[in-house]
Structure formats: structure tokens, C-alpha cells
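# Architecture and fold: a report
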Amino acid sequence: MTMMIKVGKLKNVDGSAMPIGFSLSKEELDPDSSLKLAEGELVFTGDVANRDRVITVGGEIRCVLQGSCDRCGEKLTIPMDVDFHESFTNLSEKCGDEEVEEEGAHLFSGDEINLLPYVEQAVFLSLPMKTLCKEDCRGLCPVCGTNLNEKTCSCDKSPIDPRLAVLADLLNKG
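As a starting point, this report considers the structure included with it. Predicted model, so just to flag it, every value in this text is computed and none were measured.

Cut-offs applied
In this convention, every chain numbers its residues from 1, walking through the sequence in written order. It should be noted that, the model being predicted, local features are given only for residues of pLDDT at least 70 and side-chain atom pairs only at 80 or more, the latter also being counted only at that level, while totals for whole chains, interfaces and linings use all residues. Side-chain figures throughout are based on the complete set of non-hydrogen atoms in the structure, without hydrogens or water. Two strands form a pair only when DSSP identifies at least two bridges running between them. Helix and strand assignments follow DSSP, with helices taken as H or I runs no shorter than four residues and strands as E runs no shorter than two, numbered in order from the N terminus. Between two residues, a contact is recorded if the distance between any of their heavy atoms is within 4.5 Å. As a rule, the C-alpha atoms of each element are fitted with a line to give its axis, helices using only the stretch in contact, and angles between N-to-C directions run from 0 to 180 degrees. Criterion for a salt bridge: a side-chain nitrogen of Lys or Arg within 4 Å of a carboxyl oxygen of Asp or Glu. Only protein chains enter the accessibility calculation, which uses a 1.4 Å probe. A residue is then buried if its area is under 20% of the maximum for its type, exposed if over 50%, and partly exposed in between.

### Some points on the sheet that holds strand 4 (residues 54-68)
- Strands sit in the order 2-3-4-5-6 across an open sheet of five strands; the sheet is mixed. Each end of this open sheet is capped by a strand with a single partner; those strands are strand 2 (17-25) and strand 6 (106-107).
- Where strand 5 (residues 75-89) and strand 6 come together, two bridges link them in parallel fashion. Residue pairing across strands places Phe 88 opposite His 106, the latter belonging to strand 6.
- Along the sheet face, helix 3 (residues 116-126) touches strand 2, strand 3 (37-51), strand 4, strand 5 and strand 6 and points at about 130° away from the line of strand 5.

Here it is in C-alpha cells:
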């Protein structure tokens, strides 16, 4: 499924605008899409306007993504509320225009613009650097892999000087 905006009439009338809205369920997303919805739908609401032959799309994206904790690997959900602003033009000479170039206008042809790749990009750029199941997640034991949030282990976690690692191996064998 795509998020197509029909701009045939809009692109020829300077100052024209219209509201837009899309919702895609988990099942409607392309199986190859890198967006992994956990629940509900991806909802986009906003508007599209023509300003001097540049189509601007602004709005808000709401969804709940499926992810995993960066410390312990537990599955979690990530609610996303993302502002969206993109500009498009069908005139190649506008792409060299200083004002349009500053906005980062994308070149399109025809009477439709597919927003899905830009929506996916906006969502991914808004993801936190680290996602944690809880703020004080203890992660996994680096020796045995036990989830330290669930139980403790008796592994020796003291750092070994790499120059003495061979001696530590000898002591463990004896």
C-alpha cells in the first residue's frame, strides 16, 4: 500500500491547499517495509499546499513500533509522534532555486506523490538512539548471557588485564 497524494489540480494553482490523511494497518504495509508496527495503525494527518509551484506537505505521524531493548533484548513497543515537513516540485529549474534548495525540495513527475518513503524516513530519524525496556535495565551478563533484570548469576565479571589472560587460563585449568 502506498500513501499517494493526488496533486494534479493543486500543482497548477498557486496558493491552493487541501487537508490530507492516511492510515495504514500492519497488514496493509508492504512486507518489505522496514516499519514494523506493533499495534494499531500508522496514521498521518496534515495538509498539502502549493506555494510558488512548490508542493509543501506538513503534518503529524502517529504509530506504535515494535522493537527490542538495547541492553537486554526484551521485546517492547515504541510510541512515535513525529512532525512531518517535506517539499516537492515538478520543475527541475526550481531545484536550483536557492529558497527551494534550502527547503530540500524533491523532484516529482506526474500528478501523484508517494509519501510512504518520506514518512518511513521521518519515523526512523525520530527513533531514540537507545531504546530501553525500563530506565534502570541491567542488561545481560557478558559472561553467561543471563538477563540480569530477571535473576542474578555468579559469574566472575572482574576485568582481566589482557597481558595476564594467559595466566588466568592456566589457573582455571589447574
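### Considering the pattern of salt bridges
- Tallied over the entire structure, the rule returns four salt bridges.
- Among the ionic pairs, Lys 11 bridges to Asp 111, the shortest N-O distance being 2.7 Å. You can see Lys 11 sitting in the loop between strand 1 (4-6) and strand 2 and its partner Asp 111 sitting in the loop between strand 6 and strand 7 (112-114), a full 100 residues away along the chain.
- Given a relative accessible area of 12%, Lys 11 falls into the buried group.

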